[in-house]
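Residue strings, one per chain:
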Amino acid sequence: MSRKPFGVLLAWLALVVAGPVAAQDIPETLQNDQCIACHSDVGYLPDGLLLAGPHMRAELSCAGCHGGDNTTDDEEIAHAGTFRGVPDAASIPAFCGRCHSDLGFMRSYSPSASTDQVANYYTSVHGQKLRTGDTHVAQCASCHTAHAVLPASDARSSVHPMNVPALCNGCHGDAETMADYGIRTTQYRDYVGSVHGQALLEREDLGAPACNDCHGNHGAQPPGIESIEHVCGMCHVNNADYFSATGMARAFADEQLHACEECHGIHDVRKTFDAMVSTGDDSVCTTCHEEGDDGYAAADSMYAQLSALVAAQDSALAVTERVREIGMDDIEIGFLLRDAHESTIQARTLVHTFDPSRTAEATTVGLEKANEAIRIGHEEIGDFRFRRFGFGIATLLITILTIALFFKIREVERS
Ligand code: HEC
Ligand code: HEC
Ligand code: HEC
Ligand code: HEC
Ligand code: HEC
Ligand code: HEC
Ligand code: HEC
Ligand code: HEC
Ligand code: HEC
């Protein structure tokens, strides 16, 4: 038996059981729309169609994009005149841009609408390649879909920050698609394990960058050497400012080295730690600096400062623990510890001046605070011992007195 009639039967069954798109699914304002009505009747609504998206809410109907006459139930008339049919990949930017590049039209729906998407798109590697006839690249519908378009703020949207990495990876992680271009397919894998990927995808921290925060929404380019610092500096402002003022940054630019990337990587940015600025095994400095040059000495010195500060903080914490255990006053110590921690954070950012005298500004303050905390902690513990000693003496005295009193009373009773 051929399988075809069976398929038709299934389709028919589905229609009978589920019915065409239930009337209540069609927004009130589109109840009389003949494109939707007939396509719904014949069971030819596009896959994944979302009637609640912004286009349908703006009453644009199918005809807004595909053209045609949406007031007639005659297919031939409906599909005539302005009807554009189904656009091929190469014409989709113009297809969407008919509205999205028209400022007057878009502003009539939303006073803040921007109309630069198509222009930006053609500056991207995607847009430039599409122009040359390469249809493997992303165009508007690859990223936004055609029939389930939603604003990025909607968690269901294909371009919601949490969904973007998987969206890009659909092509960039696909070895077959990328084989012709000779570029890596590891960005997503690296990103998922990075501090940024973990913050966004696991902790849902929308402050962490998704692919488009670094590459642009529409201008996807690999950021050039000059702009990596700016890309990272959008969020890590101080790190970028400190670094760009150093002699090393100028040397990096001259030698075509990649700013932040040389020490942190790009897609695989990891959590940082002090030993990175040292001369030990975990150092990121010794790949370029060797014993005897300024960079090596600077690394040694900054690591010594940071280690001393961390050690002092650890001691202060241990003392504080003890103070809390014995129930003594830990309020002031708490403030000092917080200040010391604050200085440590500052010092780790100041590492990007690559100048030990600058990190010392923060570590010196931090050390003072930590040592002060230790001093007060020891005082509190001393006070406690003194009081406990005093209490012991008092208890002893009272006991002696009680016994003496006991014998005195017996003596008085006997006499
Ligand atoms: C009376 C029914 C009817 C109406 C009204 C109708 N369509 Fe269609 N449409 C169909 C059918 C059936 C097909 C599939 C067969 C075909 O291509 O003719 C189709 C196909 C299409 C296609 C795919 C064409 C292709 O080349 O593959 C698009 C796009 C489309 N319609 C859009 C619209 C739009 C937009 C409107 C309203 C302006 C509309 N239709 C109104 C019945 C209708
Ligand atoms: C935001 C613009 C937009 C709207 C609104 C829209 N379409 Fe489409 N449609 C497209 C694009 C773009 C394609 C090309 C598909 C692709 O490349 O993914 C397409 C493709 C199609 C196809 C070809 C087959 C398929 O499933 O992809 C049909 C049929 C179709 N649309 C019908 C409709 C109908 C019916 C409506 C109204 C319910 C509608 N479209 C609303 C943009 C739109
Ligand atoms: C007929 C005009 C028209 C066409 C064609 C059109 N759009 Fe739209 N689009 C709009 C309007 C109007 C809005 C709603 C604007 C608003 O309410 O802020 C919108 C909203 C959007 C939004 C949500 C914007 C936001 O963040 O709020 C996206 C994304 C979008 N369109 C993408 C597309 C894509 C992709 C295509 C092509 C496949 C397309 N549009 C085709 C008119 C159009
Ligand atoms: C490589 C994927 C990609 C492509 C290709 C793409 N977009 Fe977008 N677009 C995005 C992302 C991601 C956002 C959401 C940014 C955000 O988080 O606000 C967006 C946002 C938008 C918005 C909302 C307003 C704005 O500018 O932020 C509109 C409208 C839009 N795109 C239309 C288009 C049109 C039209 C095209 C085709 C010329 C297109 N997009 C191509 C990924 C893409
Ligand atoms: C439909 C598939 C597809 C999607 C989806 C897609 N891309 Fe691409 N992208 C490509 C192709 C193909 C190229 C061309 C590769 C080349 O020329 O090196 C490309 C090129 C790029 C380049 C330039 C690479 C280079 O060094 O030449 C960047 C950067 C890029 N895409 C980022 C993104 C980001 C970010 C997203 C998601 C927001 C995304 N892409 C979504 C297919 C896609
Ligand atoms: C923190 C910023 C940042 C994030 C997040 C990011 N990228 Fe990149 N990406 C870059 C930089 C910078 C480069 C340039 C690297 C270079 O030139 O050495 C790059 C390069 C690329 C390239 C070119 C090929 C290559 O590997 O050098 C592609 C493709 C790409 N990124 C895709 C993605 C995708 C997909 C995602 C999300 C999974 C993503 N990027 C997330 C900053 C970022
Ligand atoms: C959109 C904002 C944004 C951009 C752009 C960005 N980052 Fe981040 N970055 C963050 C956030 C948020 C965190 C904190 C993640 C967490 O909570 O663990 C972070 C964490 C880090 C860390 C780990 C800090 C630590 O405490 O160990 C490093 C290193 C880092 N980013 C470097 C970079 C580099 C290099 C770039 C450019 C290639 C970059 N970032 C681009 C927001 C951003
Ligand atoms: C990718 C190579 C590279 C890495 C990694 C690197 N440096 Fe440098 N550094 C240079 C170059 C090139 C210069 C300029 C030539 C010189 O003075 O030796 C420089 C110069 C310096 C200088 C002198 C700055 C001035 O203003 O004259 C210091 C200090 C320094 N680096 C510290 C460090 C520290 C600390 C690290 C590790 C956290 C580090 N560097 C990692 C390449 C690197
Ligand atoms: C020469 C190597 C080097 C370069 C270049 C570099 N960093 Fe760092 N970065 C480090 C080291 C080493 C640490 C660890 C400091 C510590 O924990 O004591 C660090 C720590 C960080 C941290 C976590 C500490 C903090 O400030 O919150 C962030 C974020 C960071 N770097 C971002 C950047 C950005 C953005 C750039 C580019 C503007 C950059 N780094 C350039 C070596 C470098």
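Look up a bit, the structure's there.
Residues numbered from 1 in each chain as written. Chains lettered and ligands numbered in written order. Predicted model: local features only at pLDDT ≥ 70, side-chain atom pairs only at ≥ 80, totals over all residues. Heavy atoms only, no water.

Asker: Can you help me understand the overall build of the chain in this one?
Answerer: Check the secondary structure of the chain and you find 22 helices and zero strands. Here the chain has a C-alpha radius of gyration of 35 Å; the compact-globule value for 415 residues is 22 Å, and the former is much larger. Along the longest, intermediate and shortest principal axes, the C-alpha atoms of the chain span 130 × 75 × 55 Å. Counting every position in the chain, which comprises 415 residues, the buried fraction comes to 27%. Counting contacts in the chain only where the partners sit at least 6 residues apart, residues at least 24 apart contribute 55% of the total. For the chain, the exposed area adds up to about 25800 Å²; of that, 58% sits on carbon and sulfur atoms. With 28 positive and 57 negative side-chain charges, the chain shows a separation of 11 Å between the mean positions of the two kinds. (Helix = DSSP H or I, 4+ residues; strand = E, 2+ residues; numbered from the N terminus. Rg over C-alpha atoms; globule rule 2.2 N^0.38 Å. Buried < 20%, exposed > 50% of the residue type's maximum accessible area, 1.4 Å probe, protein only. Contact = heavy atoms within 4.5 Å. Areas by Shrake-Rupley, 256 points an atom, 1.4 Å probe, with all protein chains shown as cover. Lys, Arg positive; Asp, Glu negative; His and termini not counted. Charge placed at Lys NZ, Arg CZ, Asp CG, Glu CD.)

Asker: I tried to follow the coordination of the iron atom of ligand 4 on my own but got confused; where do I start?
Answerer: Geometry sets the ideal angles at a metal, namely 109.5 degrees for four tetrahedral donors and 90 or 180 degrees for six octahedral donors. In this structure, His 144 (NE2) and His 218 (NE2) serve as the protein donors to the iron atom of ligand 4, at separations of 2.0 Å. For the iron atom of ligand 4, the six donor atoms in the first shell make angles of 86 to 179° at the metal, a pattern classed as octahedral. Highlighted residues: His 144 in helix α10 (residues 140–144) and His 218 in the loop between α15 (211–215) and α16 (225–233), separated in sequence by 74 residues. A relative accessible area of 27% places His 144 in the partly exposed class. For His 218, a relative accessible area of 23% corresponds to the partly exposed category. (Donors = N, O, S within 2.8 Å, 3.2 Å for Na, K, Ca; no water. Tetrahedral: all angles 85-135°; square planar, octahedral: opposite > 155°, others 65-115°.)

Asker: Honestly, the coordination of the iron atom of ligand 9 in this entry has me stumped. Any pointers?
Answerer: Taken together, the protein donors to the iron atom of ligand 9 comprise His 264 (NE2) and His 352 (NE2), at separations of 2.0 Å. Each of the six donor atoms bound to the iron atom of ligand 9 contributes to angles spanning 88 to 179°, and the resulting shape is octahedral. With His 264 in helix α19 (residues 261–264) and His 352 in the loop between α21 (331–350) and α22 (356–414), this pair connects stretches of sequence that are 88 residues apart. Assessed through its relative accessible area of 25%, His 264 is described here as partly exposed.

Asker: How should I be thinking about the nonpolar core in this particular structure?
Answerer: Buried together is how nonpolar side chains tend to be arranged in soluble globular proteins. Membership of the largest hydrophobic core is limited to twelve residues, which are Ala 316, Val 319, Val 323, Ile 326, Met 328, Ile 333, Leu 336, Leu 337, Ala 373, Ile 374, Ile 376 and Ile 381. Where this core is concerned, the elements lending two or more residues are α20 (294–325), α21 and α22. Of the residues forming this core, the biggest block, four residues, is contributed by α22. Among residues more than four places away in sequence, those in contact with Ile 326 are Ile 381 and Phe 384. Among the nonpolar cores identified, the runner-up in size contains ten residues, and Val 277, Ala 299, Met 302 and Leu 350 belong to it. (Core = buried A, V, L, I, M, F, W, Y, C linked by side-chain atoms within 4.5 Å.)

Asker: How should I be thinking about the site of ligand 4 in this particular structure?
Answerer: What surrounds ligand 4 is a group of 16 residues, the closest being Gln 117, Cys 140, Cys 143, His 144 and His 218. Within the side chain of His 144, an N or O atom sits 2.7 Å from a nitrogen atom of ligand 4. Classifying every residue of the shell around ligand 4 gives seven nonpolar, nine polar and no charged. (Near = heavy atom within 4 Å. Polar contact = N/O pair within 3.5 Å; in protein donor to acceptor, adjacent residues only side chain to side chain. Nonpolar A, V, L, I, M, F, W, Y, C, P; charged D, E, K, R; others polar.)

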